Amino acid sequence: MSAMLGPIHHWIYRKIEAQEMLNRQIVTVAKENGWEEQALDKPLESFYREELPPLEEVIDLSNIHAWLSSSISDIETRYAELVTGLLVNHPERLKTMEEICFRFGQEYAIPAGATIEEAFQEIQSLFLDGMPCDRAIRIMENNGSVISFQRVLDLHTEYWRAVQGDSENYYALRKRIVEGMLSESGYRLNTVGDGIYELYFSVA
């Protein structure tokens, strides 16, 4: 069975698993803080899966691409719905969520001594930017010390709009995750234009 699956499929599935974990961490803090669920139409527990089974056991081998695409849409929707619902009438909760995301990023910390290419690949290996064929991220320059890249396609806003949410919250949380990932590496990621970013080493 697994012979029909390639490393790229497991790579995407690991991204889905990571997003499930982030959802779970947000739900855990929501419960600890007694955040009410009135703005959500289902229990907090429904926004994450405790543990995903091995990919080989659940994927539709007759249509691998469609199954993965549907799984991405499912977790992206639940993430947008969870964050949006918890922020209704409580925008101050975004700060707590940013702290959760920073700590989450630290769980995937890029070590000191990593090359800039390794740091870039680690970031790309965590976030769900659609399927590889979508080519949502394009490298503009890589001179060995700086990697400039562009978000060619925004594949996240649609999920937030569908739940009457603000996709700016998605990008604010994503920024904190990246900062957590880079916190021990010496690298920094700056926004230099609309959807254009630079990854570089900072001696500061």
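Just above, that's the structure.
Residues numbered from 1 in each chain as written. Predicted model: local features only at pLDDT ≥ 70, side-chain atom pairs only at ≥ 80, totals over all residues. Heavy atoms only, no water.

Draft legend 1. Region of interest: the overall build of the chain. Summing up its helical and strand segments, the chain has 7 helices and 4 strands in all. Secondary structure of the chain in N-to-C order comes out as α-α-α-α-α-β-β-α-α-β-β. Rg of the C-alpha trace for the chain: 17 Å, near the compact-globule value of 17 Å for 204 residues, within the 12% margin. The 204 residues of the chain split such that 44% are buried. Considering only contacts in the chain between residues 6 or more positions apart, those separated by 24 or more positions represent 71%. A total of about 10,500 Å² of accessible surface is found on the chain, and carbon and sulfur atoms cover 50% of it. (Helix = DSSP H or I, 4+ residues; strand = E, 2+ residues; numbered from the N terminus. Rg over C-alpha atoms; globule rule 2.2 N^0.38 Å. Buried < 20%, exposed > 50% of the residue type's maximum accessible area, 1.4 Å probe, protein only. Contact = heavy atoms within 4.5 Å. Areas by Shrake-Rupley, 256 points an atom, 1.4 Å probe, with all protein chains shown as cover.)

Draft legend 2. Here's a closer look at the packing of helix 1 (residues 7-32) against helix 3 (residues 64-87). Relative orientation of the contacting elements helix 1 and helix 3 amounts to 20°, with a least axis distance of 10 Å. One way to sum up the angle between helix 1 and helix 3 is to call them roughly parallel. Crossing angle aside, the handedness with which helix 1 passes helix 3 is left-handed. For the pair helix 1 and helix 3, the contacting residues are His 9, Ile 12, Tyr 13, Ile 16, Gln 19, Glu 20, Leu 22, Asn 23, Ile 26, Val 27 and Ala 30 in the first and Ile 64, Trp 67, Leu 68, Ser 71, Ile 72, Ile 75, Arg 78, Tyr 79, Leu 82, Val 83 and Leu 86 in the second. (Axes fitted to C-alpha atoms, helices over the stretch in contact; angles between N-to-C directions. Parallel < 35°, antiparallel > 145°, perpendicular 65-115°, else oblique. Left-handed = near helix turned anticlockwise from the far one by under 90°.)

Draft legend 3. Focus on the side chain of Arg 78. Note on placement: Arg 78 falls in helix 3. Looking at Arg 78, its side chain comes within polar contact range of the main-chain oxygen of Phe 47, at 3.1 Å. Once you skip the residues sitting within four places of it in the chain, Arg 78 turns out to touch Glu 20, Asn 23, Ser 46, Phe 47, Tyr 48 and Arg 49. (Polar contact = N/O pair within 3.5 Å; in protein donor to acceptor, adjacent residues only side chain to side chain.)

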